[in-house]
Amino acid sequence: MREDERARGLDRRLFLGGVGAAAGAVVAGATGGSAWAVGDPGFEALPREMQAPEGDVSAQALRTFSRIDGTPVYYWRGNRGNTVLRDWRCTQGFYDRLVVWIRDLRDLSSDGGFGGVKFLVSAGFYVNRSGQHGAGTAMDLDLVRWNGGRQSSMLDGHHAASDRTLRRRYLAVDATCRRRFRYVLDGWYNSAHRDHIHADFGGLPTLCQKGSSSDTKFVQAMCNNFMGSGLAVDGIWGPNTNNAFGQAKNRLGISGNPHTDLNAWRNMLARVARHGFRDEAF
């Protein structure tokens, strides 16, 4: 099967099996809501700022979960390695998108010989503050661990690791986030995101925007790590970045314009992710 046909098939499977399946999981209870309640053995509360304030009806109405499509999500800030489940919160719509994203992550990483996603580590979803976190429509991703022991650790700054394999794997995870979320801020974006990837619901649809510092820095880091382009990761879409991006697009066999065509950009990100999980140049 040609890779572009496979990518379209992946998008179709994820759409048909993602949002609708997420809603079904809520009813079934197997992969959706929290397995714990306050007071149950093994439950640990999240920091106060991630809990719904008393009297805040909108925050209290958010969906509660401790797993995404069956994969547990842990909290390691201040207690690394802790595998106690937590009650996270987000909107139902954002949870549905998280399900589509993690299925995407599983599918694309399996092409690189990775096992299933064993667990995720997060620094937060709903947080009692303004912006996307306060709306319950954002995720801060700290770490992905696969069965078999391989991981991508934002906590450990894998975007800047001396090992190129880890940098490419980080970019692969980054690319899966960009397929499903519009604003993705990673370790190249600024120092505040050196230990996590932020992904949120704002500004859909997902396109590669030349005027976006986040998109541009991702593209520059991608070209450097997969093609040795030697670009400055400065967030400025100049002629060198444009030429390198065109070269990457051609090498990956992408038709269409990733700046205006949603499917072209998603297909390109899928192929970047596959190369990253396989640790292959393009």
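This text follows the structure it describes.
Residues numbered from 1 in each chain as written. Predicted model: local features only at pLDDT ≥ 70, side-chain atom pairs only at ≥ 80, totals over all residues. Heavy atoms only, no water.

Caption draft 1: Highlighting the overall build of the chain. Summing up its helical and strand segments, the chain has eight helices and nine strands in all. For the chain, with 282 residues in total, the buried portion stands at 54%. Partitioning the contacts of the chain with sequence separation of at least 6, the portion at a separation of at least 24 is 65%. Of the accessible surface of the chain, which amounts to about 11,500 Å², a share of 48% is contributed by carbon and sulfur atoms. (Helix = DSSP H or I, 4+ residues; strand = E, 2+ residues; numbered from the N terminus. Buried < 20%, exposed > 50% of the residue type's maximum accessible area, 1.4 Å probe, protein only. Contact = heavy atoms within 4.5 Å. Areas by Shrake-Rupley, 256 points an atom, 1.4 Å probe, with all protein chains shown as cover.)

Caption draft 2: Quick look at the packing of aromatic side chains. Considering all chains together, one arrives at 16 aromatic pairs under this definition. Centre to centre, the rings of F65 and F125 are 5.0 Å apart; their planes meet at 80°, and the pair counts as edge-to-face. Taken together, the residues span a long stretch of sequence, with F65 in strand β1 (residues 63-65) and F125 in the loop between β5 (117-124) and α4 (132-135) at a distance of 60 residues. Exposure class is identical for F65 and F125. Each is buried. Ring centres 5.4 Å apart and planes at 40° place the aromatic pair F94 and F181 in the tilted group. Here F94 is found in helix α3 (residues 92-110), whereas its partner F181 is found in the loop between α5 (164-180) and β8 (183-185), with 87 residues between them in sequence. Take F94: its relative accessible area is 0%, and that puts it in the buried class. The class for F181 is buried, based on a relative accessible area of 1%. (Phe/Tyr/Trp six-rings, centres within 6.5 Å; stacked < 30°, edge-to-face > 60°.)

Caption draft 3: View of α5. Over its 17 residues, α5 extends 25 Å from the first C-alpha to the last, a length consistent with the 24 Å expected when each residue adds 1.5 Å. Along α5, 15 of the 17 residues are buried, which leaves the element largely enclosed by surrounding structure. At the N-terminal end of α5, a side-chain oxygen is found 2.9 Å from the backbone nitrogen of T165, two or three residues along, and the residue is D163. (Expected span 1.5 Å × (residues − 1). Polar contact = N/O pair within 3.5 Å; in protein donor to acceptor, adjacent residues only side chain to side chain.)

Caption draft 4: Just the pattern of salt bridges, in detail. Under the counting rule described, the total for this entry stands at 13 salt bridges. Linking D111 and R274 is a salt bridge whose minimum nitrogen-to-oxygen distance equals 2.7 Å. You can see D111 sitting in the loop between α3 and β5 and its partner R274 sitting in helix α8 (residues 262-278), a full 163 residues away along the chain. Connected via shared salt-bridge partners are D174, R178, R182, D186 and D215. (Salt bridge = Lys/Arg side-chain N within 4 Å of Asp/Glu carboxyl O.)

Caption draft 5: Geometry of unusual backbone geometry. At D69, a residue that is not glycine, the phi angle is positive and equals roughly 50°. The phi dihedral of D279 falls on the positive side, at around 55°, and the residue is not glycine. Given the relative accessible area of 28%, D279 is considered partly exposed.

Caption draft 6: Main features of the pairing of strand β9 (residues 197-200). Here β9 shows no split at all, with I197 and A199 on one side and H198 and D200 on the other all buried. Bridge count for strand β6 (residues 138-146) against β9 is four bridges, and the pairing is antiparallel. By the bridge assignment for β9, D140 is matched with H198. Sheet topology places β8 next to β9; three bridges connect them, and they run antiparallel. (Pairing = 2+ DSSP bridges.)

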